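# Commentary on secondary and tertiary structure
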Amino acid sequence: MAQITITLPDGAQRSYEAGITGGEVAADISKSLGKAALACTINGEFRDLSRPIEADADLAIHTIKDEAQALELIRHDAAHIMARAVQEIWPDVKVTIGPVIANGWYYDFDREEPFTPDDLAQIEKRMRDIIAARDPVRTEVWSRADAIAHYEAADEPFKVALVNRIPEGEDIRMYWHGDWQDLCRGPHLVHTGQVPADAFKLTRVSGAYWEGDAKNKQLQRIYGVAFRNRQELKDYLHMVEEAEKRDHRRLAKEMDLFHLQEEAPGMVFWHPNGWTVYRALEDYMRRRQIEDGYREIRTPQVVDRKLWEASGHWDKYRENMFITEIDEEHANEKRTNALKPMNCPCHVQVYNQGLKSYRDLPLRLAEFGSCHRYEASGAMHGLMRVRGFVQDDAHIFCTQEQIEAECAKFIQLLSRVYKDLGFDSFKIMFSTRPEKRIGTDAEWDITEGALEAAIKSIGMDYEVDPGEGAFYGPKLDFKLTDAIGREWQCGTFQVDSQLPDRLEAEYVGEDGEKHRPFMLHRAVLGSFERFLGILIENYAGKLPFWLAPRQVVVASIVSDADEYVTEVVENLRAQGIRAEADTRNEKINYKVREHSLGKVPVILAIGRQEVENKTVSMRRLGEKQSSVLPTGEVVAALKGEATPPDLV
RNA sequence: GCUGCCGUGGCUCAGGGGUAGAGCACCCCCUUGGUAAGGGGGAGGUCGAGAGUUCGAAUCUCUCCGGCAGCACCA
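Residues numbered from 1 in each chain as written. Chains lettered and ligands numbered in written order. Predicted model: local features only at pLDDT ≥ 70, side-chain atom pairs only at ≥ 80, totals over all residues. Heavy atoms only, no water.

### Concerning the pattern of salt bridges
Considering all chains together, one arrives at 53 salt bridges under this definition. Among the salt bridges present, the one from Asp 155 reaches Lys 94, with a minimum N-O distance of 3.3 Å. Here the residue Asp 155 occupies a position in the loop between α5 (144-153) and α6 (157-165), and Lys 94 occupies one in strand β8 (residues 94-95), the gap between them amounting to 61 residues. For Asp 155, a relative accessible area of 47% puts it in the partly exposed group. Here Lys 94 falls in the buried class, since its relative accessible area comes to 16%. Of the charged contacts, one joins Glu 448 and Arg 433 as a salt bridge, the two residues approaching to 2.9 Å between their closest N and O atoms. Here Glu 448, found in helix α14 (residues 441-458), pairs with Arg 433, found in the loop between β25 (426-431) and α14; they are 15 residues apart in sequence, far enough to count as distant. (Salt bridge = Lys/Arg side-chain N within 4 Å of Asp/Glu carboxyl O. Helix = DSSP H or I, 4+ residues; strand = E, 2+ residues; numbered from the N terminus. Buried < 20%, exposed > 50% of the residue type's maximum accessible area, 1.4 Å probe, protein only.)

### Digging into the packing of helix α17 (residues 562-574) against helix α20 (residues 631-642)
One way to put it is that α17 packs onto α20 with a least axis distance of 10 Å and a crossing angle of 35 degrees. Taken as a pair, α17 and α20 cross one another with a handedness that is right-handed. Residues Tyr 564, Val 568, Asn 571 and Leu 572 of α17 lie in contact with α20, whose contacting residues are Thr 631, Val 635 and Leu 638. (Axes fitted to C-alpha atoms, helices over the stretch in contact; angles between N-to-C directions. Left-handed = near helix turned anticlockwise from the far one by under 90°. Contact = heavy atoms within 4.5 Å.)

### Regarding unusual backbone geometry
Here the bond from Gly 186 into Pro 187 is cis, since omega is -5 degrees, no more than 30 degrees from zero. The topology assignment puts Pro 187 in the loop between β13 (180-183) and β14 (200-209). For the bond from Leu 361 to Pro 362, the omega torsion is -5 degrees, close enough to zero to count as cis. You can see Pro 362 is positioned in the loop between β22 (356-357) and β23 (363-372).

### Topic: the sheet that holds strand β11 (residues 137-142)
The 3 strands lie next to each other as β11-β12-β13, forming an open sheet whose pairing is antiparallel. Each edge of the sheet is formed by a strand with only one pairing partner; in this case those strands are β11 and β13. Direction aside, the axes of adjacent strands within the sheet are offset by 25 degrees on average. As paired strands, β11 and strand β12 (residues 172-177) are joined by 6 bridges and run antiparallel to one another. Pairing of Trp 142 across the sheet is with Ile 172, part of β12. (Pairing = 2+ DSSP bridges.)

### Some remarks on the packing of aromatic side chains
Within this structure, the stated rule accounts for 24 aromatic pairs. Relative to Tyr 374, the ring of Phe 322 has its centre 5.6 Å away and its plane inclined at 80 degrees; by these criteria the two rings are edge-to-face. Placement of Phe 322 in the loop between α11 (313-316) and β20 (323-325) and of Tyr 374 in the loop between β23 and β24 (388-398) is noted, with a sequence separation of 52 residues between them. Look at Tyr 351 and Phe 397: their rings are 4.3 Å apart centre to centre, the planes differ by 20 degrees, and that puts the pair in the stacked class. Pair noted here: Tyr 351 is in helix α12 (residues 344-352) and Phe 397 is in strand β24, with a separation of 46 residues, a long-range link. The same class applies to Tyr 351 as to Phe 397, namely buried. What links up through ring pairs into an aromatic cluster is the set Phe 410, Tyr 418, Phe 423, Phe 426, Phe 478, Phe 493 and Phe 531. The positively charged end of Arg 75 is found above the aromatic ring belonging to Phe 227, 4.9 Å away from the centroid. The side chain of Arg 138 reaches across the aromatic face of Trp 176, ending 4.3 Å from its centre. (Phe/Tyr/Trp six-rings, centres within 6.5 Å; stacked < 30°, edge-to-face > 60°. Lys NZ or Arg CZ within 6 Å of the ring centre and 35° of its normal.)

### Details of the protein's contact with RNA strand B
In the vicinity of RNA strand B there are 52 residues, among which Gln 218, Tyr 317, Arg 373, Asn 585 and Ser 617 approach most closely. Put simply, the parts of the chain that give the surface near RNA strand B at least two residues each are β14, β15 (218-226), α8 (248-255), α18 (588-597), α19 (608-613) and β35 (615-620). In terms of residues, the surface near RNA strand B owes the most to one element, α18, which gives 7 residues. (Near = heavy atom within 4 Å.)

### Description of helix α16 (residues 528-538)
Within α16, 10 of the 11 residues are buried, which leaves the element mostly enclosed by the surrounding structure. Here α16 has its buried residues at Phe 528, Glu 529, Phe 531, Leu 532, Gly 533, Ile 534, Leu 535, Ile 536, Glu 537 and Asn 538. Where α16 terminates, the next one or two residues include Ala 540, which has phi positive at roughly 50 degrees.

### Focus: the layout of surface pockets
Approximately 1200 Å³ is the volume found for the largest pocket. Tyr 317, Met 342, Arg 373, Gln 391 and Lys 475 are, among the 36 residues lining the largest pocket, the residues nearest its centre. Put simply, the parts of the chain that give the lining of the largest pocket at least two residues each are β24, β27 (475-481), β28 (487-496) and β31 (518-527). Broken down by element, the residue count for the lining of the largest pocket peaks at 6 residues, all from β31. The residue makeup of the lining of the largest pocket, split by class, is 13 nonpolar, 11 polar and 12 charged. (1 Å grid on protein atoms, 1.4 Å probe; cavity = no way out; pocket = protein on both sides within 12 Å on 5 of 7 lines; lining within 4 Å. Points joined across faces, edges and corners; volume = space filled by probe spheres on them. Nonpolar A, V, L, I, M, F, W, Y, C, P; charged D, E, K, R; others polar.)

So, in structure tokens, the structure goes:
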């Protein structure tokens with residue numbers, strides 16, 4: 001038998017007979033490692049411990065201490081154990097796929113009856129039985145024909161489809177524990193007892209389409225989460241709770257920002273507090289854009305279908321549009337209008353008024369454009385996905401040569417804005433021509449080429465997202481990362497030669513001839529509604545001072561202080577600070593609690609001493625301590641803090 | 001839109017075939033109290049809408065509307 005050399009991560013080398021397995025090496029190194037081993041990495045490939053090693057190799061043995069590998073294995077095996085539990089309880093349920101996802105896994109089943117919460121409890125219990133049985137995991141490589149024959153005999157049509165999809169040359173691998181068997185790439189644990197019985201939880205059920213396609217059959221998906229030990233599971237569940245606390249829908253109630261109601265699904269009723277934040281953000285954006293050479297315009301919201309037919313929206317986008325008709329009884333003319341879902345066609349109308357010269361380009365037309373889109377009922381979500389919203393939209397009409405400079409200028413604006421709003425990093429995605437598109441390949445070559453040249457010249461990293469462009473042109477999408485690591489796609493920059501063509505935009509060039517301009521669609525925030533949702537969640541409601549709806553509450557401790565409280569509020573307001581008095585007949589504890597829950601950044605408490613000394617007792621949100629300071633000093637300091645970042 | 005769950009006073013929620021309950025908020029009274037809920041009293045709901053079953057429906061059934069979670073969608 002040939003001898004091979006196994007090199008361990010610390011550089012140590014050991015000699016074994018060819019065909020030895022990772023598990024045997026682990027046991028040979030030490031008895032305890034043999035027991036603790038979960039899986040291994042052979043020459044960089046994540047493998048079962050039972051995989052024979054036929055030639056010299058680098059080998060790493062993984063135990064529960066290797067977090068990434070251990071979690072992958074635990075979650076993956078938990079998925080299999082769950083599928084087995086389900087089939088043991090309901091033998092007629094068909095299995096499909098069960099991948100590992102963030103924090104856990106899911107498995108899709110084909111079953112007529114949906115799973116109920118009681119079912120979940122029953123499945124969990126059966127899973128613990130399987131774990132307690134410590135069934136060894138065994139694997140074999142099968143031929144495609146055998147695998148298909150097996151799954152046809154077992155009446156598992158989805159597995160047949162999966163086997164057929166495995167590329168030629170790749171192993172078709174079967175796994176067993178107990179009598180249960182599944183098709184899987186692996187690797188898996190050594191036995192089912194290595195999944196911690198007290199560190200997983202089935203979290204929810206939902207429908208999910210086979211192959212993610214709404215045209216296909218809907219399956220029943222069960223989600224689970226799994227960790228290495230009970231504490232990690234507890235920590236995770238705690239984190240989920242914390243994330244729920246920063247849900248903008250919940251905070252909106254606590255802070256009295258806005259509400260939604262049945263009569264206008266997906267349309268926001270902004271309350272005074274929420275609208276104050278909205279306006280602070282809008283005013284800021286307006287200043288930033290004007291500073292950057294944009295001209296602001298305003299275009300109609302209800303527009304005849306003729307324009308949408310010309311732009312292509314009637315054809316490509318109608319199912320997402322609100323269509324309006326005038327009541328026949330009263331109308332003496334009959335026309336069909338649509339609420340605008342986008343601003344671009346209207347902006348071209350503004351551009352088209354009067355003959356444009358190359359000297360007018362680039363022309364940057366901005367609009368905080370109110371748009372309406374008929375979103376699927378299940379898509380709506382607080383402020384994040386609404387049917388009526390306002391974009392910080394603008395269209396730049398320019399020549400091909402100007403695209404690069406405009407792109408650079410836009411990214412500079414976007415970086416500045418994100419930074420001002422508390423987001424330090426963002427990712428750029430470059431989306432190229434999609435399957436369904438208008439325009440010729442030659443036109444796409446031009447727009448894609450121009451956009452990629454622009455992003456390259458800026459020298460920032462970007463990822464390519466093939467086929468994800470808009471139907472009229474390629475785009476850059478900008479994804480920012482929030483305080484708890486979630487990514488949000490907000491900004492966009494799109495190159496379009498189609499719409500200027502369809503709506504016949506033109507300019508007179510140096511040569512005296514008429515030319516088509518390019519049109520750059522761009523937004524920094526995306527929609528104000530959504531961006532405010534992101535801001536609220538990012539700051540967990542504790543908005544920066546300049547954005548806070550109520551910046552200061554001045555509260556009296558005794559009613560003798562009421563008069564001075566009013567005076568201080570007037571002083572603050574004179575400096576443009578959003579201040580309110582709280583002279584209610586309540587104790588200071590009560591007032592502090594209420595305004596803290598309302599996320600007011602600064603509370604100024606005033607008692608007899610403060611009145612006497614012309615001071616205030618200042619307490620900042622989140623701090624336990626308060627400090628007594630001269631009123632004038634506090635007003636001046638807060639005035640500084642209230643200044644928006646672009647005016648500092 | 002699809003699957004599941006949910007819809008009770010302003011908010012959070014309990015109840016559940018015999019015509020409604022709590023806490024908080026609100027109003028009134030007492031209390032003037034130093035940094036996250038002082039005390040007492042009062043008012044407030046045809047239980048999402050419509051239809052059906054029943055002697056009787058908020059409670060059971062169906063349809064619709066809305067919400068939540070996920071899926072699909074997000075040019």
